[in-house]
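# Secondary and tertiary structure notes
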Amino acid sequence: MIETTRTIPRLIATLAVALCVSSCGGIQNAINPAGPNAANISRLWWLMFIVCSIVFVLVMIAVLLSLRKRTTEAADRVPIIEPPAESERRRRNVVISLTTITIVILFVFLIASYSSGRSLRLNDPMRNGLSIELTGHQWWWEVRYNDVDASNIFTTANEIHIPVGVPVLFSLRGADVIHSFWVPNLAGKKDLIPGKINTIWIQADKPGVYRGQCAEYCGLQHAKMALWIVAEPQEQFNAWRQNQTQEAVAAASDAQKRGQQVFFSSTCVMCHAINGTPAGSNIGPNLTHVGSRHMIGAATLANTRDHLAQWIKDSQTFKPGNKMPQNNLSDADLQALVEYLQSLQ
Amino acid sequence: MLEELSVFKRISRAAAQRRDACRAPGSVSLRLSAAPLRRCVSLLLCLLCFSACKREQRQFTTPPATFKSYDVTMSDIRPGVGGLPMPVQNPADQHAFDTNEGKRLFTQYNCSGCHFNGGGGIGPPLMDEKWIYGDRPENIYSTIVEGRPNGMPSFRQKIPDGQVQQLVAYVRSMSGQLRKDVAPTRNDSMNARRSEQRTERKTPQQTTAPPQ
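The structure contained in this document is the topic of the report that follows. (Residues numbered from 1 in each chain as written. Chains lettered and ligands numbered in written order. Predicted model: local features only at pLDDT ≥ 70, side-chain atom pairs only at ≥ 80, totals over all residues.)

### Digging into the overall build of chain A
Along chain A, the regular secondary structure elements total eight helices and twelve strands. The globule rule puts the C-alpha radius of gyration for 345 residues at 20 Å, and the 28 Å found for chain A is more than 25% above it. When its C-alpha atoms are laid out on the principal axes, chain A stretches across 100 × 60 × 35 Å. For chain A, the share of sequence-separated contacts (at least 6 apart) that also reach a separation of at least 24 residues comes to 65%. (Helix = DSSP H or I, 4+ residues; strand = E, 2+ residues; numbered from the N terminus. Rg over C-alpha atoms; globule rule 2.2 N^0.38 Å. Contact = placed C-beta atoms within 7 Å.)

### Examining the nonpolar core
Of all hydrophobic cores here, the largest spans 35 residues; its most connected members are Phe170(A), Leu186(A), Ile202(A), Leu227(A), Ile229(A) and Ala298(A). In contact with Leu186(A), other than residues within four places in its own chain, are Ala34(A), Gly35(A), Asn37(A), Ala38(A), Ile202(A), Ala204(A), Tyr210(A) and Ile229(A). In terms of nonpolar packing, the next biggest core, distinct from the first, is built from 22 residues, Ile140(B), Phe155(B), Ala169(B) and Ala183(B) among them. (Core = buried A, V, L, I, M, F, W, Y, C linked by C-beta atoms within 7 Å. Buried ≥ 20, exposed ≤ 12 C-beta atoms within 10 Å, placed from the backbone.)

### Here's the deal with the sheet that holds strand E3 (residues 154-157) of chain A
Residue and element names in this part refer to chain A. With mixed pairing, the five strands of this open sheet are ordered in space as E3-E2-E1-E5-E8. Edge positions in the sheet fall to E3 and strand E8 (198-202), since each has one partner strand and no second. Strand-to-strand twist in this sheet, taken as the mean axis angle between neighbours without regard to direction, amounts to 25°. Summarising the sheet, strand E2 (residues 140-146) and E3 pair through four bridges and their orientation is antiparallel. Note on E3: the bridge partner recorded for Glu142 is Ala157. (Pairing = 2+ DSSP bridges. Axes fitted to C-alpha atoms, helices over the stretch in contact; angles between N-to-C directions.)

### Concerning the pairing of strand E6 (residues 179-182) of chain A
All names here are of chain A. Covered by surrounding structure in E6 are His179 and Phe181 together with Ser180 and Trp182, the residues of both alternating faces. In this sheet, strand E7 (residues 190-192) lies alongside E6 in antiparallel orientation, the contact comprising three bridges. Within the sheet, the bridge partner assigned to Phe181 lies in E7 and is Lys190. In this sheet, strand E9 (residues 208-214) lies alongside E6 in antiparallel orientation, the contact comprising two bridges. What sits directly across from Trp182, in E9, is Gln213.

### Quick notes on the interface of chain B and chain A
Facing the twelve residues of chain B at the interface are eleven residues of chain A. Grouping the amino acids of the side of chain B that touches chain A by side-chain chemistry returns five nonpolar, six polar and one charged. (Nonpolar A, V, L, I, M, F, W, Y, C, P; charged D, E, K, R; others polar.)

### A word on the packing of helix H5 (residues 254-265) of chain A against helix H8 (residues 331-343) of chain A
Residue and element names in this part refer to chain A. H8 packs onto H5 with a crossing angle of 100° between their chain directions and a minimal axis gap of 7 Å. On the basis of their axis angle, the class for H5 and H8 is roughly perpendicular. Contact residues: Ala255, Gln256, Arg258, Gly259, Gln260, Val262 and Phe263 in H5; Asp333, Ala336, Leu337, Glu339, Tyr340 and Ser343 in H8. For the contact of H5 with H8, the residue count by class is six nonpolar, four polar and three charged. (Parallel < 35°, antiparallel > 145°, perpendicular 65-115°, else oblique.)

### Let's talk about helix H7 (residues 305-314) of chain A
Residue and element names in this part refer to chain A. Leu308, Trp311 and Ile312 are the residues of H7 that are buried. Considered in projection along H7, the buried side chains sweep an arc of 95° and stay on one side of the axis. Along its buried surface, H7 packs onto strand E11 (295-296), strand E12 (301-302) and H8. (Arc of directions from axis to C-beta.)

### Remarks on the sheet that holds E7(A)
Residue and element names in this part refer to chain A. Taken together, the five strands give an open sheet; going across it, the order is E4-E10-E9-E6-E7, and neighbouring strands pair in mixed fashion. The sheet terminates laterally at strand E4 (159-163) and E7, the two strands that pair on one side only. Across the sheet, the axes of successive neighbouring strands diverge by a mean angle of 25°, strand direction being ignored. As paired elements, E9 and strand E10 (residues 226-232) share six bridges and run antiparallel to each other.

### Topic: the packing of helix H3 (residues 96-108) of chain B against helix H6 (residues 161-174) of chain B
In a packed pair of helices, the relevant descriptors are the angle between the two axes and the axis-to-axis distance. Residue and element names in this part refer to chain B. Interhelical geometry of H3 versus H6 gives an angle of 95° and a closest axis separation of 7 Å. Accordingly, the angle class assigned to the pair H3 and H6 is roughly perpendicular. Residues Asp98, Thr99, Glu101, Gly102, Lys103, Leu105 and Phe106 of H3 form the contact with H6, whose own contacting residues are Gln163, Gln166, Leu167, Ala169, Tyr170 and Ser173. Split by residue class, the contact of H3 with H6 holds five nonpolar, five polar and three charged.

Right, here's the structure in full:
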């Protein structure tokens, strides 16, 4: 009996510790920084967390001590109206010193926060790196890579590739309502406001995949408005960019050709663009290289054949309220369409 | 401390005395008449809150087709027996969400490319009282789906049925045919004209297409 009563609290404590540790690491975590901006923010966060924890523990100890002291006093004793001058002076000193310490701590926070804020500022050298235009739509991200060479400009969606160790300048726009761009492993939040262009720079020092999410409530599917940042070595990034700037590959097999016909003769063509074909609408994500993306539906589903077919047929079951309507295609047409879209590498 | 306690006691005693005074025989009738009234009002207020629930439900799945383009007639002359088909009600006419979606689609599908925000340019204006191919929802539906001579393309299979219904509702709101609480309000951007909600209702008139 004694054994069990001891093991349960121990189990709970272990679980609690495990739960705390579980949030370390991960691809969407502000205290697992992968770049200078996020490192700055997480340093500030740790400073505030540790100091506030110490203060909290000390205050709790003081409260408990005072409670204990009070219970030891006799209840029926007449309260002393005039405390002795000695103890009064001691108490005053305690209050003054604690107030001073509080003010000092707040000033330390102020200076730390100010210097962190300054280091996040946009510097002129940052403007010479890679430049990306990010537009928030309900509920997906439009990504446009700018370049001085017009043939290097291209548009993609929901998946941003960046080279490791290079500052990337984002100019943020809102197409409909206010969204917010937040990739916790790389930087803080910045809003995408309609009619205004905000800028933020990020840099990834470690290659990897980082998940970002809209951080400003923007409507029904705000929770499923995510994006991936893929940080990769410069050569890999160059190869990726080289591929993305190309027009879509021509439909090769019969099934792909049929799929292309389905694309042009149904609702798809009203909203989506495929570069190199007559499809040029910009309401939905650009699908020129949709087969090369890892996820579909703004990082909602893995880009597999099944998911793609289900998404086209009835995306409303995955993301109710999203702007893509249900499509009543025959099974053969749907298969061909998926075949074609998957071939767009 | 002790003094505070005694003050508290005095206050509570005074409150008790006041309570007793209320129970005096003279005040009984007053209490009886006031309490049910107050209860009634609060109950009504609570019910009022619930009355707004489910006033308008958003439907994201495509609704069953209401219109069939072959039902549409442009004149009273009809072959065979039987009268004219019953006029069809557009379900999107009843929902503010649908008319606003229609407004969004009107811009996104580039209807303004020809109809110029309803004012007309390459295509005929939509905010006036003149209708070449009929003003009924089913007429507008078939105009969008079938297309019309001299420029209006057919959007059959290009725009899903539900979205056509939303567009039909919005097109009708431009000349003030819809209820005020359903028609779209002002734009997010600058307004070139009064919002659909503030547009005066215009009596539709049949007209012929301008000579080309």
